[in-house]
Amino acid sequence: MTAPTATGRRAAAEPDPAGPPAARERGMRGPGSGRIALLTSGLVAALVAVALVSAATGAYAIPLGDVVDSVLHRARLGGEPLDRVGESVLWDARLPRVVLAVLVGAALGCAGALMQGVFGNPLAEPGVIGISSGAAVGAVAAIAFGLDFLGDWTITVFAFVAGLGTVLLVYVLSRSEGRTEVVTLILTGIAVNAFAGALIGLCVFFADNAQISGITFWQLGSLAQATWPKVLAVLPCAAVGLLVAPWFARRLDLLALGERPARHLGVDVERLRVVLILVTALLTASAVAMAGIITFVGLLVPHLLRMVAGPGHRFLLPGSALGGALVLVSADLVARTAAQPAELPLGVLTALIGSPFFFWLLRRTRRRQGGWA
Amino acid sequence: MIGFRTRAAEPPSAPAAGAELAEAAGLAVRLGGRPVLTGIDLTVRAGEVLTLVGPNGAGKSTLLAALAADVAPAEGRLLVDGRPAADWTARELAFRRAVLPQAATVSFPFTVAEVVAMGRAPWAGTAAEDEDDVRVAEAMAATEVAGFADRPFGALSGGERARVALARVLAQRTGLLLLDEPTAALDLRHQEQVMRICRELAEAGRGVVVVLHDLGLAAAWADRAAVLRGGRLAAVGAPEEVFTEGLLGEVYGHPVRVLADPETGAPLIVPRRPRRGEAAGADG
C-alpha cells in the first residue's frame with residue numbers, strides 16, 4: 001500500500017485494485033442518501049403537521065379534521081366547507097398567516113445557508129451582520145415618509161434596495177485578501193446594525209404616531225398583518241430565490257476551500273458571489289418587507305442541519321428552507337398562543353431563543369480556532 | 001438561466017511528451033504597485049519536475065500564482081497550453097492545471113472523502129465524470145489518507161491536511177500541477193512520498209512545478225531548478241549545475257557547502273556553521 005499507484009498512465013490503464021472500497025463507494029456522497037431522504041421527509045411531515053395545527057389553533061378553535069376538509073374542498077379534492085365564520089377565520093386570517101410564515105421562514109433559512117456559504121463562515125447571518133436591519137431601514141423609511149408610489153410593492157422594493165445596498169457594504173467592508181475573518185464580519189455587523197439603528201431612529205423622529213406603530217411592528221417582527229395580497233407580493237421574490245439557490249450548491253461546496261482553490265477548480269468566483277449576494281438580498285429583503293426583523297432563523301437552522309446531515313449544500317440549501325419554514329411556523333404558533341389574547345412579537349421570540357444559541361456558537365467557533373485571529 | 005456555461009468547455013487530451021504546458025515570457029508581476037516579479041522567462045514542459053527555490057520573499061509563491069493564472073501579468077505574457085491565460089475560462093483552466101495552495105483550509109466540516117472528491121468538480125458533465133470514484137480512491141491511496149476518509153477535514157493534523165489537499169489536487173488529473181510547498185508540514189517519510197509522487201507524475205508525462213525550501217529535496221527529485229532572488233531568476237537548470245556553493249551562498253546570503261550524496265551523487269546542501277563552542281563572537 002505504500003507505493004503510490006494513483007499516478008500516471010499506468011494507473012489510467014489499470015485502476016488501482018488496492019483502493020479502499022469504503023472510500024470508493026462513498027465517493028462524494030457524504031452521509032448516506034437514505035439519511036437525507038429520511039430527514040427531508042421528516043421535515044416535510046413536521047411542517048405540514050405544524051401548519052395544520054397552527055391553522056386549527058386560536059381564539060376561535062377549528063377542529064383539525066375540519067381544517068383538512070376545508071382545504072381539500074377549496075382544492076376541489078372532495079372535503080366540505082366550514083360554516084361562514086369558520087371559513088372566514090381560516091381563509092382570511094389563519095391560512096394567509098401560516099403561508100406567510102412558511103415563505104418568510106423558508107426565505108430566512110435559505111438566505112442564512114447561502115450567506116454562510118458565500119462568506120465561508122458559519123456565523124454569517126442576515127440579522128447578525130446587519131442585512132435585516134439594513135432592509136428594515138428601507139421599509140421604515142417608506143412608512144415614515146408615507147411613500148406608496150409602487151402600491152403594495154413599495155415597501156418590498158424599498159426593503160430590497162436597502163437590503164442589497166447593505167449586503168454590498170458589508171461585503172466590501174469585511175473582506176481582506178479574499179477571505180472574511182469571523183471577527184471582521186461580526187464587527188462590521190455591529191457597525192452596520194448601529195448605523196441602521198440610527199437611521200431607523202431618525203425615521204421614527206420624523207414619523208407621526210400612526211406611522212410609529214407601523215415602524216415598531218418592523219422592529220419587533222410580526223406576521224400579524226398577513227393577508228393574501230401580502231403573500232402574493234412576497235411569493236415571487238421568495239420563489240425565485242428558493243428555486244435558484246440549490247442550483248449553486250456544488251459551487252458553494254467548492255467555495256469552502258477558499259476563493260482561489262475554488263477558481264482553480266473552474267468556478268467563476270466573482271460571478272458566483274455577485275449572483276448569490278443578489279439572491280441573498282432578494283430572500284432577506286422579501287422576508288423583512290413582510291415580517292420585519294426576525295433574526296437567528298438563518299443561523300440556527302443551517303447549523304443544526306449541518307450537524308445532522310453534513311455541510312454539503314445540495315441538501316443544506318433546500319433543507320434550510322424547509323427547516324426555516326418549520327421553525328417560523330412553530331414560533332408564530334407560540335407567539336400567537338402563549339400569552340393569549342395578547343401576541344408576543346415574533347422577532348423577539350426568535351431572538352430570545354436564538355441569541356443564547358449564537359453565544360454558544362461563538363464560544364465553540366472560538367475554541368475550535370484557538371482564539372480569534 | 002444565468003448562463004454560467006455558455007461556452008461548452010471541451011476537456012483537452014493528455015499533453016504530448018515535452019509539450020509546453022505553461023510559458024512565461026518577459027513576465028512581470030506587481031502586487032499593490034510593488035514589483036514582485038521582473039523579467040521572468042520560464043517554460044514548464046510535460047514530463048518534468050521543475051522546482052522553484054529561493055529565500056523568503058524572493059517571489060516563489062507569486063511565480064507559482066502567475067503560472068496558475070491567479071495574478072495577471074503587468075508586463076510580458078503567460079501562455080497556458082499555448083494560449084494566453086486570460087483567454088481561457090476558469091473551467092478550461094481547471095482542465096489543464098491543478099494548484100496546491102500553501103495552507104489548506106476548509107470552511108465547513110466536510111469529510112476527507114468529500115474534500116478529495118471536490119477535485120473532480122471540473123469534470124462534472126464530461127465523459128471523465130465516470131472515473132470520479134476511481135480517481136478519488138487512487139488519489140487517497142497514493143497519499144495514504146484513505147484511513148481517515150470519514151473524518152472532518154478540520155479535525156486533522158497539519159501534516160494530514162497537507163496530504164488530503166494534495167490528494168484533491170491529484171484527483172483533478174490535470175496535465176500541469178502547481179504545488180506550493182507540499183512538503184512543508186510533513187515528516188521525513190511523507191516528504192519523500194510526496195516527491196516520489198511528483199516524480200511518477202512527471203514520468204507519466206505530466207508537468208509538475210513545486211516550490212520547495214529544502215534544497216536537498218529539490219536536488220534529489222527535480223529535473224530542473226529555478227533559483228529566484230528578489231523577483232528575478234538567478235539561474236535555471238539541472239540541480240547539479242545550478243546548486244553551486246557560489247550561487248546559493250550569494251542568493252541566500254549565507255555560506256553553504258555542496259557535497260555529493262555518497263550513494264546517489266545528488267547534491268547535498270549544508271549551511272556552513274561554526275563549530276560548537278566557537279559559535280558566539282565568531283564574526284565579532
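The rules behind each value
Residues numbered from 1 in each chain as written. Chains lettered and ligands numbered in written order. Predicted model: local features only at pLDDT ≥ 70, side-chain atom pairs only at ≥ 80, totals over all residues. Heavy atoms only, no water. Helix = DSSP H or I, 4+ residues; strand = E, 2+ residues; numbered from the N terminus. Rg over C-alpha atoms; globule rule 2.2 N^0.38 Å. Buried < 20%, exposed > 50% of the residue type's maximum accessible area, 1.4 Å probe, protein only. Contact = heavy atoms within 4.5 Å. Areas by Shrake-Rupley, 256 points an atom, 1.4 Å probe, with all protein chains shown as cover. Expected span 1.5 Å × (residues − 1). 1 Å grid on protein atoms, 1.4 Å probe; cavity = no way out; pocket = protein on both sides within 12 Å on 5 of 7 lines; lining within 4 Å. Points joined across faces, edges and corners; volume = space filled by probe spheres on them. Nonpolar A, V, L, I, M, F, W, Y, C, P; charged D, E, K, R; others polar. Axes fitted to C-alpha atoms, helices over the stretch in contact; angles between N-to-C directions. Parallel < 35°, antiparallel > 145°, perpendicular 65-115°, else oblique. Left-handed = near helix turned anticlockwise from the far one by under 90°. UniProt positions renumbered as here; feature names shortened; annotations may be inferred. Salt bridge = Lys/Arg side-chain N within 4 Å of Asp/Glu carboxyl O. Phe/Tyr/Trp six-rings, centres within 6.5 Å; stacked < 30°, edge-to-face > 60°. Pairing = 2+ DSSP bridges. Polar contact = N/O pair within 3.5 Å; in protein donor to acceptor, adjacent residues only side chain to side chain.

1. Focus on the overall build of chain B
Scanning chain B for helices and strands turns up nine helices and 12 strands. For chain B, the C-alpha radius of gyration of 20 Å lies close to 19 Å, the compact-globule estimate for 284 residues. With the principal axes as the frame, chain B shows a C-alpha extent of 70 × 45 × 35 Å. Residues classed as buried in chain B amount to 56% of the 284 residues present. A separation threshold of at least 6 residues defines the contact pool for chain B, and within that pool the share at least 24 residues apart is 65%. When the accessible surface of chain B is totalled, it reaches about 11800 Å², and 50% of it is carbon and sulfur.

2. Points about helix H3 (residues 33-56) of chain A
All names here are of chain A. Compared with the 34 Å implied by 1.5 Å per residue over 24 residues, the 35 Å span of H3 between its first and last C-alpha is a close match. Listed as buried for H3 are Leu43, Leu47, Val50, Ala51, Ser54, Ala55 and Ala56. Contacts made by the buried residues of H3 are with helix H4 (64-74), helix H5 (84-119), helix H14 (297-309) and helix H15 (313-337). Positive phi shows up at glycine 58, right after H3, with a value of about 155°.

3. Some details on empty space enclosed by the protein
Counting across every chain of the model gives one cavity of 30 Å³ or more. Within this model, the largest cavity holds a volume of roughly 40 Å³. Leu257 of chain A together with Pro101, Ala104, Thr105, Val115, Phe153, Ala165 and Arg168 of chain B are the residues that line the largest cavity. Considered class by class, the residues forming the lining of the largest cavity number six nonpolar, one polar and one charged.

4. Some words on the packing of H5 of chain A against helix H13 (residues 269-291) of chain A
All names here are of chain A. Taken N-terminus to C-terminus, the directions of H5 and H13 make an angle of 150°; their axes are 9 Å apart at the nearest point. Classified by the angle between their axes, H5 and H13 sit roughly antiparallel to one another. Considering only the axes of H5 and H13, their crossing is left-handed. Residues Leu100, Val104, Ala107, Leu108, Cys110, Ala111, Leu114, Met115 and Val118 of H5 form the contact with H13, whose own contacting residues are Arg273, Leu276, Ile277, Val279, Thr280, Leu283, Thr284, Ser286, Ala287, Met290 and Ala291. Partitioned by chemical class, the residues of the contact of H5 with H13 number 16 nonpolar, three polar and one charged.

5. Concerning the UniProt feature "transmembrane region" (unreviewed entry) in chain A
All names here are of chain A. In this structure's numbering, the residues bearing the UniProt feature "transmembrane region" (unreviewed entry) are residues 36-62, 98-115, 127-147, 153-173, 185-207, 227-249, 274-301 and 344-362. Between the end C-alpha atoms of residues 98-115 the distance is 25 Å, and the span holds 100% helix and 0% strand. For residues 127-147, the helix share is 67%, the strand share is 0%, and the end-to-end C-alpha distance is 25 Å.

6. Considerations on the pattern of salt bridges
In this structure the tally under the stated criterion is 21 salt bridges over all chains. A salt bridge links glutamate 259 of chain A to arginine 273 of chain A; the shortest N-O distance between them is 2.7 Å. With glutamate 259 of chain A in helix H12 (residues 259-264) and arginine 273 of chain A in helix H13, this pair connects stretches of sequence that are 14 residues apart. With relative accessibility at 5%, the residue arginine 273 of chain A sits in the buried group. Close ionic contact of glutamate 250 of chain B with arginine 229 of chain B constitutes a salt bridge, the shortest N to O distance being 2.4 Å. Note that glutamate 250 of chain B is positioned in helix H9 (residues 245-252) and arginine 229 of chain B in strand S9 (residues 224-229), a separation of 21 residues in sequence. Since its relative accessible area comes to 33%, arginine 229 of chain B is described here as partly exposed.

7. Notes on the packing of aromatic side chains
Centre-to-centre distance and the angle between the planes together describe a pair of aromatic rings. Residues and elements named next belong to chain A. Under the definition given, this model contains seven aromatic pairs over all chains. Aromatic side chains tryptophan 247 and phenylalanine 248 sit 5.4 Å apart centroid to centroid with 80° between the ring planes, which places their arrangement in the edge-to-face category. A relative accessible area of 40% means that tryptophan 247 is categorised as partly exposed. Note on phenylalanine 296 and phenylalanine 358: the rings are 5.9 Å apart at their centroids and 50° apart in plane angle, and the pair reads as tilted. Taken together, the residues span a long stretch of sequence, with phenylalanine 296 in the loop between H13 and H14 and phenylalanine 358 in helix H16 (residues 346-369) at a distance of 62 residues.

8. Looking at the sheet that holds strand S7 (residues 176-180) of chain B
All names here are of chain B. On the basis of which strands lie adjacent, the open sheet formed by six strands has the order S6-S7-S8-S3-S9-S10 and mixed pairing. Among the strands making up the open sheet, the edge pair consists of strand S6 (97-100) and strand S10 (232-237). Recorded for the sheet is a direction-independent mean angle of 15° between the axes of neighbouring strands. Across four bridges, the pairing between S6 and S7 is parallel.

9. Regarding the side chain of glutamate 92 of chain B
Position of glutamate 92 of chain B among the secondary structure elements: in helix H2 (residues 90-96). A polar contact is formed between the side chain of glutamate 92 of chain B and the backbone nitrogen of threonine 89 of chain B, at a distance of 2.9 Å.

10. Some points on the pairing of S9 of chain B
Residues and elements named next belong to chain B. Here four bridges tie strand S3 (residues 49-53) to S9, and the two strands are oriented parallel to one another. Its bridge partner being in S9, leucine 52 is matched across the sheet by alanine 226. Where S9 meets S10, five bridges bridge the pair, whose relative direction is antiparallel. Following the sheet pairing, valine 227 is matched in S10 by alanine 235. In textbook terms, the turn of a hairpin is the stretch between consecutive antiparallel strands, and for S9 and S10 this stretch comprises two residues, one of which, glycine 230, has a positive phi near 55°.

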